[in-house]
Structures are given as C-alpha cells and as structure tokens.
Amino acid sequence: MKHFALRAQRGIALPVMLIMLLVLLVSSVYLLRSSTSTTLTATNMAYDAALARAADFGLHTGFRWLSQTAGANKALLDGHVPAQGYRATLDTTQTVRSSGFWDGSREVVDPNGNRIRYVIHRMCKLDLAYSHKDNACVQTATNTSTLGNTVRLGDSLASDSPVYAGVPQLHYVITARIDGARGGNVVTQLVVLISA
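Residues numbered from 1 in each chain as written. Predicted model: local features only at pLDDT ≥ 70, side-chain atom pairs only at ≥ 80, totals over all residues. Heavy atoms only, no water.

Asker: Got a minute to help me understand the side chain of histidine 171 in this structure?
Answerer: Residue position: histidine 171 is located in strand β5 (residues 169-179). Using a relative accessible area of 13% as the deciding quantity, one classes histidine 171 as buried. Side chain to side chain, histidine 171 and threonine 140 meet in a polar contact 2.4 Å long. If we skip the residues at most four places from it in the chain, histidine 171 touches His121, Arg122, Met123, Val138, Gln139, Thr140, Val191, Val192 and Leu193. (Helix = DSSP H or I, 4+ residues; strand = E, 2+ residues; numbered from the N terminus. Buried < 20%, exposed > 50% of the residue type's maximum accessible area, 1.4 Å probe, protein only. Polar contact = N/O pair within 3.5 Å; in protein donor to acceptor, adjacent residues only side chain to side chain. Contact = heavy atoms within 4.5 Å.)

Printed below as a string of structure tokens:
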C-alpha cells in the first residue's frame, strides 16, 4: 500500500469563488435595474402613443367641422364660432401652454372615454373677411408648377382663354390637447389649407 503525502491545503479556491459570486451578484443587480428601466421606457412610449392617437380624434373632429363649413358657408369662417372651437384669428404672442391660446376651445370625448380639447385658428390678424384692407392672413398661391409642360396645371391651351390669378388658399391650424391620467399631456397640430 502506497502512502501519499498529504500536501498542505492553501485555500485559494474559496476567495476566488467568493469574488466570482460577488461579480455575479453585482451583475444581476445591474441587469435587473436595466430591464426595469427598459420596461418603464417602453411603457411610457406606449402611453404617449396612446395619448397621441386619442389627440388625433380631436384633430379629425375639428377638421371635419372646418371642411364641412368651408363647403357649405365659407362666410361663417370670417368670425369666431366658440361652440365649434373656431377662432377667426391667431394671436402669435400666445403659445400652446398659454391659457389664452385655448380660449374658445371645444372639448370632445372619444369612444374610449378620453377627453380631448381642440381649437381651430384661422391664421389672420382680424376676425374679418380675408380680403378686408386691414386684415392680414397667411395665404398660399395656387399651384403654378408645369411638370415639364409649357402650360401651368389647370390652365387652358386655347390662345383666347382668360388667365386668372387664382384664388388663394388660407391657412388654418387645428390644435388638439389631451391631459393624461399620469400627469402627461400630448399636443398635436394640423395645418389645413382651404381656398378663400
């Protein structure tokens, strides 16, 4: 029978193992915090997206009224219509955070029960007809592009046809706002051009 000499144990494995366990513990804590942070970020982004979709309901409601009114009675757009959230002027000193910006706004409720406020501003200085001498409105001229043709879009090729300057398009801004349950809010805007 052979006798093996017992070597003195040095115990180096225990400190190495404890260091490895400590590294794993710290890594798992950071991984947990990272996944929690990612989950919160994804949740907040989904919440903001849901609020933005709800605010779009206000934009669509305002646009529907504006386009129907422009088609049926365009003269009504020369003055304020508070019951529909319409302002015939835009005060450029007000921002969407100012309470004065939302004067005359209208509140609607979407199918999910969200309460959305919207206001429509005609981009004019005064609540008068756009062509009034004292009024100044943001306007866009009609499309004059030729697309490689010798004649502008919508013009006639007849040599004796009258040439009209065209009717300008007035600018309207529809702004919708929803205040979320968690203190967040979303504001969306839509610019609409309608022939004067």
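Moving on, there is more to tell.
Asker: Would you mind going over the pattern of salt bridges with me for this structure?
Answerer: Where charged atoms from two side chains of opposite charge come close, those side chains can pair. Counted by the stated rule, this structure contains four salt bridges. Residue arginine 122 is joined to aspartate 78 by a salt bridge in which the shortest nitrogen-to-oxygen separation is 3.2 Å. Of this pair, arginine 122 sits in strand β3 (residues 115-122) while aspartate 78 sits in the loop between α1 (13-72) and β1 (86-87); the two residues are 44 residues apart in sequence, bridging distant segments of the chain. When its relative accessible area of 24% is taken as the criterion, aspartate 78 is described as partly exposed. (Salt bridge = Lys/Arg side-chain N within 4 Å of Asp/Glu carboxyl O.)

Asker: Can you help me understand the environment of isoleucine 120 in this one?
Answerer: Mapped onto the elements of the fold, isoleucine 120 is located in strand β3. Each residue touching isoleucine 120, except ones within four places of it in the same chain, is listed here: Gly62, Trp65, Leu66, Gln84, Gly85, Tyr86, Arg87, Val173 and Ile174.

Asker: Sorry if this is basic, but what is going on with the environment of aspartate 78 here?
Answerer: Sequence separation between aspartate 78 and tyrosine 130 is 52 residues; the distance between their C-alpha atoms is 7.4 Å. Setting aside chain neighbours within four positions, we find aspartate 78 in contact with Ala88, Arg122, Asp127, Leu128, Ala129 and Tyr130. Looking at aspartate 78, its side chain comes within polar contact range of the side chain of arginine 122, at 3.2 Å.

Asker: Just to check I follow, could you spell out α1 for this structure?
Answerer: What sets the pattern is the α-helix's 3.6 residues per turn: residues three or four places apart point alike. With 60 residues, α1 extends 88 Å between its outermost C-alpha atoms, agreeing within 8% with the 88 Å of an ideal straight helix rising 1.5 Å per residue. When we look at burial in α1, the residues that qualify are Tyr47, Leu51, Ala54, Ala55, Gly58, Leu59, Thr61, Gly62, Trp65, Leu66, Thr69 and Ala70. Structurally, α1 contributes buried residues whose contacts are with β1, β2 (106-109), β3, β5 and β6 (185-195). (Expected span 1.5 Å × (residues − 1).)

Asker: What is the right way to look at the nonpolar core in this model?
Answerer: By size, the foremost hydrophobic cluster in this structure holds 26 residues, and its most contacted members are Trp65, Leu66, Leu77, Tyr86, Ile120, Tyr172 and Ile178. Elements that contribute at least two residues to this core include exactly α1, β3, β5 and β6. Once you skip the residues sitting within four places of it in the chain, isoleucine 178 turns out to touch Leu51, Ala54, Ala55, Asn114, Arg115, Ile116, Gly184, Asn185 and Val186. (Core = buried A, V, L, I, M, F, W, Y, C linked by side-chain atoms within 4.5 Å.)

Asker: Help me understand the pairing of β6, please; the structure alone is not making it clear to me.
Answerer: Residues in a regular strand point their side chains to alternate faces of the sheet. Looking at chain direction, β5 and β6 are connected through 11 bridges and run antiparallel. Its bridge partner being in β6, isoleucine 178 is matched across the sheet by valine 186. Between the antiparallel neighbours β5 and β6 lie five residues, among them glycine 183 with a positive phi of about 95°. (Pairing = 2+ DSSP bridges.)

Asker: Is there a simple way to explain the side chain of threonine 89 in this structure?
Answerer: Mapping threonine 89 onto the fold places it in the loop between β1 and β2. Here threonine 89 is in contact with His80, His121, Arg122, Cys124, Lys125, Leu126 and Asp127, once residues within four sequence places are set aside.

Asker: Hey, could you run me through the state of the cysteines in this one?
Answerer: Two cysteines whose sulfur atoms are joined by a covalent bond form what is called a disulfide. Inspection of the entire model under this criterion finds one disulfide. Note on cysteine connectivity: cysteine 124 is disulfide-linked to cysteine 137, with sulfurs 1.9 Å apart. Between cysteine 124 and cysteine 137, the S-S torsion sits near 110°, and that sign places the bridge as right-handed. Of this pair, cysteine 124 sits in the loop between β3 and β4 (139-140) while cysteine 137 is found in the loop between β3 and β4, placing the two residues 13 residues apart along the sequence. Judged on exposure class, the residue cysteine 124 and its partner cysteine 137 are both buried. (Disulfide = S-S within 2.5 Å.)

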